[in-house]
Amino acid sequence: MLYIYLLALVQIFGCKEFNQSDVVIHERPKPVIVKNYFRSPVDHSFKIAGTFCELRPNHFHTGIDIKSSNGVQGDNIYAIADGYISRIGISPTGYGYALYITHKNGFTSVYGHLKSYSPEILKFALAEQERQERFDIQYYPDSTLIPVKKGQIIGYMGNSGSSNGAHLHFEIRETDSETPINPLLFGFNSQDSMKPGISYARIYDLDDEFNEYNAKNLMVKKRGNLFVPTLGDTITTLSPTIGLGINTRDGQEGNWNKNGVYSIKLFVNDSLTYYIKMDSVSFEKTRMINAHIDYPEQRLKRNYVHKCYSLPGNTLPIIQYQQLRGLISLNELERKKITFIVSDYNNNISEMTFFVKRKIGNPNFIKPLYNYIVPYNKATFIQDSGIHILFTDKTFFKNQFLTFSKKVNLNKSIYSAVYDIANPDIPVYNYYNCKILANGIPQHLKNKSFIASIEGGNQITNWGGTWEGEWLNAPVRTCGTFFIAVDTIPPSIVPLIFSKNLTKRSRIVFKIDDNILPAGQTPYLNYKAYINDKYIPMEYDLKTKTIDYVFPKGFQKGIYTFRLEVFDALNNTKVYSATFIK
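Since we're looking at a predicted model, the values are computed, not measured. (Residues numbered from 1 in each chain as written. Predicted model: local features only at pLDDT ≥ 70, side-chain atom pairs only at ≥ 80, totals over all residues. Heavy atoms only, no water.)

A.B. asks: Help me understand the overall build of the chain, please; the structure alone is not making it clear to me.
C.D. replies: Secondary structure assignment for the chain yields three helices and 48 strands. For the chain, the proportion of its 582 residues judged to be buried stands at 53%. Restricting the contact set of the chain to residue pairs at least 6 apart, pairs at least 24 apart contribute 71%. Carbon and sulfur atoms make up 51% of the accessible area of the chain, which amounts to about 26,100 Å² in all. The averaged location of the 52 negative side-chain charges in the chain is 4 Å from the averaged location of its 65 positive side-chain charges. (Helix = DSSP H or I, 4+ residues; strand = E, 2+ residues; numbered from the N terminus. Buried < 20%, exposed > 50% of the residue type's maximum accessible area, 1.4 Å probe, protein only. Contact = heavy atoms within 4.5 Å. Areas by Shrake-Rupley, 256 points an atom, 1.4 Å probe, with all protein chains shown as cover. Lys, Arg positive; Asp, Glu negative; His and termini not counted. Charge placed at Lys NZ, Arg CZ, Asp CG, Glu CD.)

A.B. asks: Can you walk me through the sheet that holds strand 40 (residues 492-497) in this structure?
C.D. replies: Within a sheet, each strand pairs with its neighbour through backbone hydrogen bonds, oriented either parallel or antiparallel. In space, the four strands of this open sheet follow the order 40-41-46-45, with antiparallel pairing throughout. Edge positions in the sheet fall to strand 40 and strand 45 (539-541), since each of these pairs with one other strand and no more. Averaged over all pairs of adjacent strands, the angle between their axes in this sheet comes to 25°, without regard to strand direction. Taken together, the five bridges between strand 40 and strand 41 (residues 507-513) define a ladder with antiparallel strand orientation. The residue bridging I493 from the neighbouring strand is I512, located in strand 41. (Pairing = 2+ DSSP bridges. Axes fitted to C-alpha atoms, helices over the stretch in contact; angles between N-to-C directions.)

A.B. asks: Could you clarify how one ought to interpret unusual backbone geometry in this entry?
C.D. replies: Leaving glycine aside, a negative phi is the common case for residues, and trans is the common case for peptide bonds. The phi dihedral of N269 is positive, around 50°, even though this residue is not glycine. Within the element layout of this structure, N269 appears in the loop between strand 21 (263-268) and strand 22 (271-277). Phi at K545 is positive, roughly 60°, even though this residue is not glycine. With respect to the helices, strands and loops of the structure, K545 is situated in the loop between strand 45 and strand 46 (546-550). A relative accessible area of 33% means that K545 is categorised as partly exposed.

A.B. asks: Honestly, the side chain of E171 in this entry has me stumped. Any pointers?
C.D. replies: Looking at the secondary structure, you find E171 in strand 13 (residues 167-174). Note on E171: relative accessible area 0%, which makes it buried. Separated by 2.3 Å, the side chains of E171 and Y95 make a polar contact. Apart from the residues within four sequence positions on either side, E171 is in contact with T62, G63, Y95, T108, S109, V110, P183 and F283. (Polar contact = N/O pair within 3.5 Å; in protein donor to acceptor, adjacent residues only side chain to side chain.)

A.B. asks: Explanation requested: the pairing of strand 35 (residues 449-455) in the structure shown.
C.D. replies: Residues in a regular strand point their side chains to alternate faces of the sheet. Of all seven residues making up strand 35, five are buried, and the element is well covered by its neighbours. Direction of pairing for strand 35 relative to strand 39 (residues 480-486): antiparallel, over a ladder of five bridges. Paired with F450 across the bridge in strand 39 is A485. As defined by bridge partners, strand 35 adjoins strand 36 (residues 459-462) across four bridges and the pair is classed as antiparallel. Directly across from E455, in strand 36, lies its bridge partner Q459.

A.B. asks: Quick question: what am I supposed to make of the pattern of salt bridges here?
C.D. replies: Two side chains that carry opposite charge are able to pair once their charged atoms sit near each other. What the rule picks out here adds up to 24 salt bridges. A salt bridge links E178 to R173; the nearest nitrogen and oxygen atoms lie 3.4 Å apart. Here E178 falls in the partly exposed class, since its relative accessible area comes to 42%. Taking the shortest distance from any N to any O, the salt bridge between E468 and K435 comes out at 3.1 Å. Here E468, found in strand 37 (residues 466-468), pairs with K435, found in strand 34 (residues 432-437); they are 33 residues apart in sequence, far enough to count as distant. Three or more residues are tied together by salt bridges with common partners; here these are R202, D294, E297 and K301. (Salt bridge = Lys/Arg side-chain N within 4 Å of Asp/Glu carboxyl O.)

A.B. asks: Just checking my understanding: could you explain helix 1 (residues 119-132) for this structure?
C.D. replies: Think of an α-helix as 3.6 residues a turn; residues three or four steps apart then line up on the same face. Given a rise of 1.5 Å per residue, 14 residues ought to cover 20 Å, and the 20 Å separating the end C-alpha atoms of helix 1 matches this to within 8%. When helix 1 is considered as a whole, its buried residues turn out to be I121, A125, E128 and Q129. Summarising the axial view, the buried residues of helix 1 lie within an arc of 100°, below the 170-degree limit, and thus occupy one face. More than 90 degrees from the buried face of helix 1, the exposed residues found are P119, K123 and R131. Buried residues in helix 1 make contact with strand 7 (83-90), strand 8 (97-103), strand 9 (107-117), strand 10 (137-139), strand 12 (153-157) and strand 44 (534-536). (Expected span 1.5 Å × (residues − 1). Arc of directions from axis to C-beta.)

A.B. asks: Is there a simple way to explain a nonpolar patch on the surface in this structure?
C.D. replies: On the surface, V32, V34 and Y37 cluster together into a nonpolar patch covering about 280 Å² of accessible area. As for its placement among the helices and strands, Y37 is situated in the loop between strand 1 (3-6) and strand 2 (48-50). (Patch = residues over 30% accessible without salt bridge, like charges linked within 9 Å, V, L, I, M, F, W, Y side chains within 5 Å.)

A.B. asks: What should I look at first to understand the packing of aromatic side chains in this one?
C.D. replies: Aromatic rings considered in pairs are described by the distance between their centres and by the relative angle of their planes. All told, the structure shown has 30 aromatic pairs when counted by the stated rule. Pairing F391 with F396 gives two aromatic rings, centres 5.1 Å apart and planes at 50°, and the pair type is tilted. Three or more aromatic residues joined by ring pairs form one cluster here, namely F498, F510, Y549, F551, F555, Y560, F562, Y576 and F580. One cation-aromatic arrangement involves K265 over Y275; the distance from NZ or CZ to the ring centre is 4.9 Å. (Phe/Tyr/Trp six-rings, centres within 6.5 Å; stacked < 30°, edge-to-face > 60°. Lys NZ or Arg CZ within 6 Å of the ring centre and 35° of its normal.)

A.B. asks: I would appreciate a short explanation of the side chain of S449 in the present structure.
C.D. replies: The residue S449 is located in strand 35 in this model. Within the structure, S449 has its side chain in polar contact with the backbone oxygen of K446 (distance 2.6 Å). There is a polar contact of 3.2 Å between the side chain of S449 and the side chain of W467. Apart from the residues lying within four places of it in its own chain, the contact partners of S449 are I441, W467, L472, I484, A485, V486 and L570.

A.B. asks: I would appreciate a short explanation of the pairing of strand 39 in the present structure.
C.D. replies: Of all seven residues that make up strand 39, five are buried, and the element is covered over most of its length. Inspection of the sheet shows strand 33 (residues 418-421) paired to strand 39 by three bridges, in the antiparallel sense. When the bridges of strand 39 are listed, D420 appears paired with T481.

A.B. asks: Just to check I follow, could you spell out the nonpolar core for this structure?
C.D. replies: Across soluble globular proteins, you tend to see nonpolar side chains buried next to one another. Core analysis: the largest hydrophobic core is formed by 108 residues, its most contacted members being Y111, F340, F354, M538 and F562. Top contributing element to this core by residue count: strand 15 (residues 197-206), with six residues. Residues contacting F354, with those up to four places away along its chain left out, are A201, L218, P229, D233, I235, L244, K336, K337, I338 and F340. If you look at the next biggest cluster of nonpolar residues, it comprises 31 residues, including I387, V428, L472 and A519. (Core = buried A, V, L, I, M, F, W, Y, C linked by side-chain atoms within 4.5 Å.)

See the structure below:
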């Protein structure tokens, strides 16, 4: 028997979002933006490999990606104005080797995916790594410790962290709020006269709870300067309410990258109905991208569609204007003109035009089976005999009609029932709490257990967990299949460049890996390496799953001991020990 407890009284069907008056959202910070205060972070005229607020999995791109001058790592990176190093970040994921410079005008500049730092900055990073005895650090120097001048070399362009090619990830943030601002607003110039491309529009039939039906793509062709549907200019539907989306990318001369666009306007009968512009987005709201895009289309097909209507929980500041949330109403036999105008930052414009018409009759919307309703703006507690789920008031973007099922577990490596919590195609915004009752787990395995989910076929992911009696509790941020699993398998260590005789080697390299993927707040592999019991900072490249140490100049000849310890999130540890001659 499934019990649902709403923590506040909710009138789910009493509020119709369709009847709202025009909504204008103004949540962007209002910093004083002065053009030409900053110099370029590179010497060369730059090509952009990624635009501000470009669509990415689970987040907006919060900077611009500047390509290398020659396709390889090593370009000098410069401080864009006077200031001080306020943060040094090193991580195998994310920005990799990163620097943050706080400036006098209220902004902070960010430089990510660096190959390395300048020598005067590197010594502080190495000292902090040695102090913490770990590769990944976030170090916040005092404001007087590392001052920098405009035009000073601070590092070198690289490919560290979650990067797939030599480039600089460059951000400008408002210092107090840390809100990223589009760097191009500050006068940085990237020559471009190429118009954005449009691949297709997408139409959704909608019911009064924003549930989508019969979604279909309208593939396009060029007719003169316009994009139009390939199969006729009028699209028909039975639905009295529809929403529209568009798949569009921007290009640049001499640049093969397909980037995000700057603005999209939707007109209905030549009247502005929905308008987005990529000037600013906070880190708090970046995951709200999953309310803006067609989430299943991205998750299953890797296609990005800007939905030009907003769900009730979507308060993104990129929305400049929306009339009735961008929803389009149609009477029987009514025909409306639709126009998309898409622009890049240099005001190169593309336009798509077509018509939508409602046929006679009523749509037959059949909701999928569900056994509970979760309002998007109220905390909801769900309890079954072996699971407790607490959704917050910010877990979902709209009221969700969710399925829940429990399966008896026959797998001896699983220590609970198996629970299907809704459809994985439903986007989750904030974490919710999942607590599962253990079944038959030995006491000595409790510290090796975790809340698990299944990703990409049979891949198990680790969401972590803390024990409350016989219940394991963890924050999760997806829908899908959950259970309690155990991991006692230590990570693997494979020497790639290492031998007893290293007299002719300048570095050592090992591959490290684990059998379980981390998810949510669960950390990646960690490790410590020592030569003659002295810690050495081995560089971790998660893309290749390798750790690397370059012998410094002047490394003395002799016989040395080497010890490498690699441990996962559950403290399963693998040790590699050896001696070598250098």
